[in-house]
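Listed below, chain by chain, are the residues.
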Amino acid sequence: MTFKAFVGDAEHPLRLTPPMILELERLLGTGIAAIFRRVAKGEFTFSDLEQSIRLGLIGGGMAPEKASQLVATYVATRPIAEILPAALGVLSVAWFGADEKKPAKQKETAA
């Protein structure tokens with residue numbers, strides 16, 4: 001299931017596929033439940049947000065190099081309030097799923 005969010009220059013699909021979830025867990029040193037809980041409760045690290053978005057872009061079909069460039073240019077330099085919805089959105093869809101008839105979509109942010 002895919003989440004769509006405006007990241008950097010355009011709206012992009014983000015998806016945390018099982019391999020991307022495993023990579024997220026490896027990079028952050030904890031399980032997906034702890035990552036989701038931290039972000040949902042507002043007790044996250046910046047890496048929780050950044051890596052969730054980067055790996056979500058890759059899982060959504062973007063080349064890893066382009067995903068890294070977008071994150072470095074547009075995510076790492078933006079206020080947390082702008083990037084939190086994209087990270088929480090992709091984690092929520094991975095956790096709860098999404099109505100396939102109505103794809104999950106982030107409301108306007110500049111992330």
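Okay, so let's go over this structure. (Residues numbered from 1 in each chain as written. Predicted model: local features only at pLDDT ≥ 70, side-chain atom pairs only at ≥ 80, totals over all residues. Heavy atoms only, no water.)

## Describing the pairing of strand β2 (residues 10–14)
The line we're drawing: If DSSP finds at least two bridges between two strands, the strands pair. By definition, any uninterrupted DSSP run of H or I lasting at least four residues is a helix, any uninterrupted run of E lasting at least two residues is a strand, and each is numbered from the N terminus.
Note: strand β1 (residues 3–7) against β2, five bridges, orientation antiparallel. Among the inter-strand pairings, Phe 6 is bridged to a residue of β2, identified as Glu 11. Hairpin remark: β1 followed by β2, antiparallel, with two residues in the connecting loop; positive phi at Gly 8, about 75 degrees.

## Observations regarding the pattern of salt bridges
Just so we agree on the cut-off: Salt bridge, as used here, is a side-chain nitrogen of Lys or Arg placed within 4 Å of a carboxyl oxygen of Asp or Glu. Relative accessibility decides the category of a residue: with a 1.4 Å probe and only protein chains considered, values under 20% of the type maximum give buried, values over 50% give exposed, and everything between is partly exposed.
One pass over the structure, following the stated rule, counts three salt bridges. We note a salt bridge from Arg 78 to Glu 82, for which the minimum N-O separation is 2.8 Å. By relative accessible area, Arg 78 is classed as partly exposed at 32%.

## A short note on the nonpolar core
One recurring pattern in soluble globular proteins: nonpolar side chains tend to sit buried together. Basically, it comes down to this: Take the buried residues of types Ala, Val, Leu, Ile, Met, Phe, Trp, Tyr and Cys, join any two whose side-chain atoms come within 4.5 Å, and each joined set is a nonpolar core.
Judged by nonpolar contacts, the single largest core of 30 residues is most densely connected at Val 7, Leu 14, Leu 16, Leu 24, Ile 53, Leu 57 and Leu 91. Per element, the largest residue contribution to this core is six residues, and it comes from helix α5 (residues 80–96).

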